[in-house]
Amino acid sequence: MSRFIDPRDRDAKLAKQQEKKELLDRAFNRIIGSQLSKISSHRTTNAADEDEYRYNLEQERELASKRKRKKFLSKEHQELSKSTGLSAQVVALMAGTNATTKKEKDDNGIKK
């Protein structure tokens, strides 16, 4: 074997490599290009959309905070929670098996 490559073989090899590269580039553009066009065609969010979304979330939070909560805990439990630093629900739970809601009373078999 000779150490040197015949220039005709080298040119043929380079031409074959160039042909393979072009074929792979076309396949890549066909596959990935179509997916990129799909992605770019999707609607992108802008600042106005984000502001509207934030405003809607703020309105929902405000409505949720204005809802009246039912008070199931006795004043004794609330006072104990203030003095101990525990939540009123925890104090009610620790106080014993006394059911604090009508549903729980019905579930325990104690009907009013």
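Residues numbered from 1 in each chain as written. Predicted model: local features only at pLDDT ≥ 70, side-chain atom pairs only at ≥ 80, totals over all residues. Heavy atoms only, no water.

What is the right way to read the overall build of the protein chain from this model?
Within the protein chain one finds 5 helices and 0 strands. Ordering the α and β elements of the protein chain from the N terminus gives α-α-α-α-α. Looking at the protein chain as a whole, 7% of its 112 residues are labelled buried. Summing over all exposed atoms, the protein chain offers an accessible surface of approximately 11100 Å²; the carbon and sulfur share of this is 55%. (Helix = DSSP H or I, 4+ residues; strand = E, 2+ residues; numbered from the N terminus. Buried < 20%, exposed > 50% of the residue type's maximum accessible area, 1.4 Å probe, protein only. Areas by Shrake-Rupley, 256 points an atom, 1.4 Å probe, with all protein chains shown as cover.)

Hey, could you run me through the pattern of salt bridges in this one?
Where charged atoms of side chains with opposite charge meet at close range, the side chains can pair. Per the counting criterion, the structure on display carries 5 salt bridges. The salt bridge partner of R8 is D6, with a shortest N-O separation of 3.1 Å. Residue classification places R8 among the exposed positions, given a relative accessible area of 65%. Take D6: its relative accessible area is 27%, and that puts it in the partly exposed class. (Salt bridge = Lys/Arg side-chain N within 4 Å of Asp/Glu carboxyl O.)

I tried to follow a nonpolar patch on the surface on my own but got confused; where do I start?
Where nonpolar side chains cluster on the molecular surface, the patch consists of L86, V90 and M94 and spans about 280 Å² of accessible area. Within the fold, L86 resides in the loop between helix 3 (75-84) and helix 4 (88-95). (Patch = residues over 30% accessible without salt bridge, like charges linked within 9 Å, V, L, I, M, F, W, Y side chains within 5 Å.)

Before we go on, may I ask you to explain helix 4 in this structure?
Counting along an α-helix, one turn takes 3.6 residues, and residues three or four places apart therefore face a common direction. When we look at burial in helix 4, the residues that qualify are A88, V91 and A92. Projected onto a plane normal to the axis of helix 4, the buried residues spread over an arc of 100° and lie on a single side. Away from its buried face by more than 90 degrees, helix 4 exposes Q89, L93 and M94. On its buried side, helix 4 packs onto helix 3. Residue G96 follows helix 4 closely and has a positive phi angle near 140°. (Arc of directions from axis to C-beta. Contact = heavy atoms within 4.5 Å.)

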